[in-house]
Amino acid sequence: RKQWPLDKSSMYTVVTKYVTSDEISNEKGNALMDGTYITGLFLEGAAWDLERGHLRRQDPKCLVVDLPLLKVVPVSGEPKLHNTFRTPVYATSQRRNAAGAGLVFYADLASGGTHESIWTLQGVAMTLESD
């Protein structure tokens with residue numbers, strides 16, 4: 001539709017304030033011209049602060065949390081983002097499948113100004129399914 005070369009395209013991701021897809025359909029003006037909303041993602045190694053809209057340290061004994069809806073929009077070129085953590089999204093919580101691959105894509109999550117090394121050491125990742 002936009003006639004972008006595929007090798008020059010990338011994805012811009014943002015976690016929304018919506019927890020269920022019903023909340024999107026109830027509000028006007030939420031239809032996307034390009035992109036989509038993804039639901040059913042799980043966050044490991046961190047928690048999501050819904051009020052402030054960024055990553056936070058996980059609660060004790062809570063290893064996996066549901067992530068609010070993720071908005072994915074195609075963009076031309078690589079977006080230059082600040083205060084974000086480039087988070088891997090894996091198919092399973094093992095972070096690989098039988099063939100040794102499992103990475104689906106990378107999503108940029110707002111980090112709230114916390115250095116990305118903190119989230120890397122925490123092993124922050126998103127998965128499509130939880131155990």
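Quick summary incoming for the structure in this document.

Rules behind the numbers
- Residues numbered from 1 in each chain as written.
- Predicted model: local features only at pLDDT ≥ 70, side-chain atom pairs only at ≥ 80, totals over all residues.
- Heavy atoms only, no water.
- Helix = DSSP H or I, 4+ residues; strand = E, 2+ residues; numbered from the N terminus.
- Contact = heavy atoms within 4.5 Å.
- Areas by Shrake-Rupley, 256 points an atom, 1.4 Å probe, with all protein chains shown as cover.
- Pairing = 2+ DSSP bridges.
- Axes fitted to C-alpha atoms, helices over the stretch in contact; angles between N-to-C directions.
- Core = buried A, V, L, I, M, F, W, Y, C linked by side-chain atoms within 4.5 Å.
- Buried < 20%, exposed > 50% of the residue type's maximum accessible area, 1.4 Å probe, protein only.
- Salt bridge = Lys/Arg side-chain N within 4 Å of Asp/Glu carboxyl O.

The secondary structure content of the chain amounts to two helices and ten strands. Counted from the first residue to the last, the chain has its helices and strands arranged as β-α-β-β-β-β-β-β-β-β-α-β. When contacts within the chain are restricted to residue pairs at least 6 apart in sequence, long-range pairs at least 24 apart make up 72% of them. Working note: accessible area of the chain is about 8500 Å², and carbon and sulfur atoms make up 52% of it.

As a further point, take unusual backbone geometry. Even without glycine at this site, lysine 61 takes up a positive phi of about 65°. Position of lysine 61 among the secondary structure elements: in the loop between strand S5 (54–56) and strand S6 (64–66). Located in the positive-phi region is asparagine 83, a residue other than glycine, with phi close to 55°. The topology assignment puts asparagine 83 in the loop between strand S7 (70–76) and strand S8 (84–90).

In spatial order, the strands read S6-S3-S10-S8-S9; together these five strands make up an open sheet with mixed pairing. Strand pairing shows two members of the sheet lacking a second neighbour, S6 and strand S9 (103–110), which therefore form its edges. For this sheet, the mean angle separating the axes of adjacent strands, direction not counted, is 30°.

Note on sheets: strands pair through backbone hydrogen bonds, and any given pair is parallel or antiparallel. Pairing within the open sheet is antiparallel, and its three strands lie in the order S1-S7-S2. Edge strands, defined here as strands with exactly one partner in the open sheet, are strand S1 (9–15) and strand S2 (36–38). For this sheet the average axis-to-axis angle between neighbouring strands, irrespective of direction, equals 35°. Across seven bridges, the pairing between S1 and S7 is antiparallel. Paired with threonine 13 across the strands is valine 72, a residue of S7.

What follows is about the nonpolar core. Soluble globular proteins tend to pack their nonpolar side chains together in the buried interior. Ranked by size, the top nonpolar core spans 18 residues in total, and within it Leu43, Trp48, Leu55, Leu67, Leu70, Leu109 and Met126 carry the most contacts. Every element with two or more residues in this core is listed here: S7, S8 and S9. With three residues, the single largest contributor to this core is S9.

As a further point, take the pattern of salt bridges. Evaluated as defined, the whole model comprises three salt bridges. Between aspartate 49 and arginine 52 there is a salt bridge, with the nearest N and O atoms lying 3.4 Å from each other. Residue aspartate 49 is classed as buried on the basis of its relative accessible area of 12%. Measuring nitrogen to oxygen at the nearest pair gives 3.0 Å for the salt bridge that ties aspartate 59 to arginine 56. Looking at aspartate 59, the relative accessible area reads 36%, which means it is partly exposed.

Let's shift gears to the side chain of histidine 54. Note that histidine 54 resides in strand S5. Relative accessible area serves as the criterion here: at 19%, histidine 54 is assigned to the buried category. In this view, histidine 54 contacts Ala47, Trp48, Asp49, Ala110, Ser111 and Gly112; residues no more than four positions away in its chain are not counted.

Quick look at the environment of glycine 40 now. Of note, glycine 40 is situated in the loop between S2 and strand S3 (42–44). Residue glycine 40 is classed as partly exposed on the basis of its relative accessible area of 36%. Each residue touching glycine 40, except ones within four places of it in the same chain, is listed here: Thr127 and Leu128.

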